[in-house]
Every structure is written in structure tokens, then in C-alpha cells.
Amino acid sequence: MKKLLVCTDGSNYSEECCRYGAWLALQSGATVDVLYVTDLRQFEIPAVADLSGSLGIQPFEGMISQMQEVERHKAGFVEEHAMRVLREAGMGNNVSFHHETGLLVDVIEQYQDEVDLILLGKRGENANFATEHLGSMLERVVRAAKKPCLVTSRKFKPVQQVAIAYDGGISARKALDYLSAEPFFKQVQLHLVTVSEGSDETEASGRLAEAEAKLKTAGMEPGCQLLTGEVESAIASYVDKSQIDLLIAGAYGHSRIRELIIGSTTTELLRRCRVPVLCFR
């Protein structure tokens, strides 16, 4: 990892996201880009448009100008807070702040070719009002991003125990390749986990052996665990009982139609697990 992209919106989750970014940067020697995106949609809300009809175009333009000025002040506060958190966490001059206007998912597309990892808080500014919901842009970003996305949790904790949920899919194989090549993961206790949902455990055991062999070739000694039951519940329970600090999983491997109908394992893991989740497309 040479460069990390830390996304912030000034929320408590973003503060912890900055701490995770600083910690990973110090472990790997990476630089950090902090990104704050002003959501373009707030200047296009129906209430503003309705008011413009009754007030006339000049007051409408004035309202937009005032909203933009408020947003510039907010961006300044977000930058000041993020930089202070990073400095307190030990980061020096290897940090830069960027303020853009648009949609987060679109802006990240412009930045992702220059970074190796994208960090986002699990929830955003409205976390206290919608405690069971993920951030409004989170799923869109994780689905669209070409680079791995680390979805951080409510409270920072140094990473010592790492679990990879392996299902044999393309994204899970990509995660294995990443683990094998990244020196950081040779410093932690690695748990390799797969789940058998049916009565025949042969296929699941084969997946586990295949992944274990690849990691051992890379010089790692993972602890292997074959779980049974519903995938989301089995993995979330293992993460909790084994005091895992970071979960690694493939992201959204099914077809988009199937996800719309039955939901997504990745989404459920993000909701249920109280630890950061590193997602690979």
C-alpha cells in the first residue's frame, strides 16, 4: 500500500476512519489523501426549487449562494478536524486534503486509479438517527470501486486478529492474492473461514484447503475453520467469539438482479459485524 484514500463527512464514524487510515499508513509507509465531497443534491432539493417559484429567481440565486458559503465553511471545519485527528495519530506531512462537489461515488472514480485502498466509515452524519442503516453512499461506492474498500467501524482498534471469509469466488480469490502480496498481513494472526450451508461439506473443505495452501506458499500460517449454517450468521458469530479485529470478504459476487431480490451477503456482513470489513470486488 503506497497511497490511501480516506473519505470523511465530519461524522464520528469518519473520525474513526481517519484513525484507521493513520494506523495503516504508519504500518505500511503509505501516504494519505483525505477526501470530503459536498453532495451536489443538497442544492437541488425540491424545497429550494419550490421556493424559487414564489420568491423569484434573484432570491433563489441568493439562497443557493448562501448554502454554498455555508458548505465552504463546513469543508474548512471538516479539514481542520480530520488533519488534527491524523496528526494526533502520528501522521506527519504525508497527508493531503481534497474538497470536491458532486456525488461521492463519482468523485471516487476519479481518484481511485491513484490509490491502493479506499477507506469509508460504515455510517455517516445521520448514524444516530438510523442505527441499522448503512451510509447512503456506502453500498454504491463498494459496488463500483475497482480498488479494495475498507469499511471502518464505530471505534478504532489496532488490527491483530484478521479473518478472511472465503467462498472460492473471483473476488475472494482476489482477496487471497492481496493478502499474499501485502507484508502487513504477515504480522497478524490470520483466520481462514468458509461456510457450508448444505449437508455435504466436501466442497467447502476443498475450498478451505485450496486457500490454505495458497497462503502457506506466501509464508503465512492461517488458522482454518469450517463453519455450518447461514453464511451471514455463522461468520458474524465467529467474528464476535474469536475477537476478530478485521474481516475480509468478497463484495457482491451475485448478479445485480439476484441481489435486488434476495439481498447481499456482503451487505448483511457489513450490518452485523462490529469490526471493519475489507471488501474486494
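Calculation rules
- Residues numbered from 1 in each chain as written.
- Predicted model: local features only at pLDDT ≥ 70, side-chain atom pairs only at ≥ 80, totals over all residues.
- Heavy atoms only, no water.
- Core = buried A, V, L, I, M, F, W, Y, C linked by side-chain atoms within 4.5 Å.
- Buried < 20%, exposed > 50% of the residue type's maximum accessible area, 1.4 Å probe, protein only.
- Helix = DSSP H or I, 4+ residues; strand = E, 2+ residues; numbered from the N terminus.
- Contact = heavy atoms within 4.5 Å.
- Pairing = 2+ DSSP bridges.
- Axes fitted to C-alpha atoms, helices over the stretch in contact; angles between N-to-C directions.
- Patch = residues over 30% accessible without salt bridge, like charges linked within 9 Å, V, L, I, M, F, W, Y side chains within 5 Å.
- Areas by Shrake-Rupley, 256 points an atom, 1.4 Å probe, with all protein chains shown as cover.
- Salt bridge = Lys/Arg side-chain N within 4 Å of Asp/Glu carboxyl O.
- Lys, Arg positive; Asp, Glu negative; His and termini not counted.
- Charge placed at Lys NZ, Arg CZ, Asp CG, Glu CD.

Next up on the list: the nonpolar core. Core analysis: the largest hydrophobic core is formed by 48 residues, its most contacted members being Phe185 and Ile248. It is helix α1 (residues 12-28) that contributes the most residues to this core, seven residues altogether. Dropping the residues within four chain positions of it, Ile248 is found in contact with Val162, Ala163, Ile164, Ala165, Ala175, Leu179, Phe185, Leu278 and Phe280. Core analysis: the next-biggest nonpolar cluster, separate from the first, contains 40 residues, Leu5, Met137, Cys149 and Cys279 among them.

Spatial strand order, β3-β2-β1-β4-β5-β10-β9-β6-β7-β8: ten strands in an open sheet with mixed pairing. Only two strands of the sheet have a single neighbouring strand rather than two, namely β3 (95-102) and β8 (223-228). Within this sheet the neighbouring strands show an average axis-to-axis angle of 25°, counted without direction. Sheet topology note: the strand β6 (residues 161-165)/strand β9 (residues 246-250) ladder contains four bridges and is parallel. In the strand pairing of β9, Ala165 is matched with Ala249. On top of the sheet, helix α4 (residues 104-111) reaches β1 (3-7), β2 (31-39), β3 and β4 (117-121); it is set at about 150° to β2, its chief contact.

Attention now moves to a negative patch on the surface. Together, Asp106, Glu109, Asp113 and Glu114 make up a region of like negative charge exposed at the surface. Mapped onto the fold, Glu114 is located in the loop between α4 and β4. By relative accessible area, Glu114 is classed as exposed at 53%.

Moving on, we come to the side chain of Thr194. The topology assignment puts Thr194 in strand β7 (residues 189-196). Judged by relative accessible area, Thr194 falls into the buried class, the value being 1%. Residues contacting Thr194, with those up to four places away along its chain left out, are Tyr166, Ala204, Arg207, Leu208, Gln225, Leu226 and Leu227.

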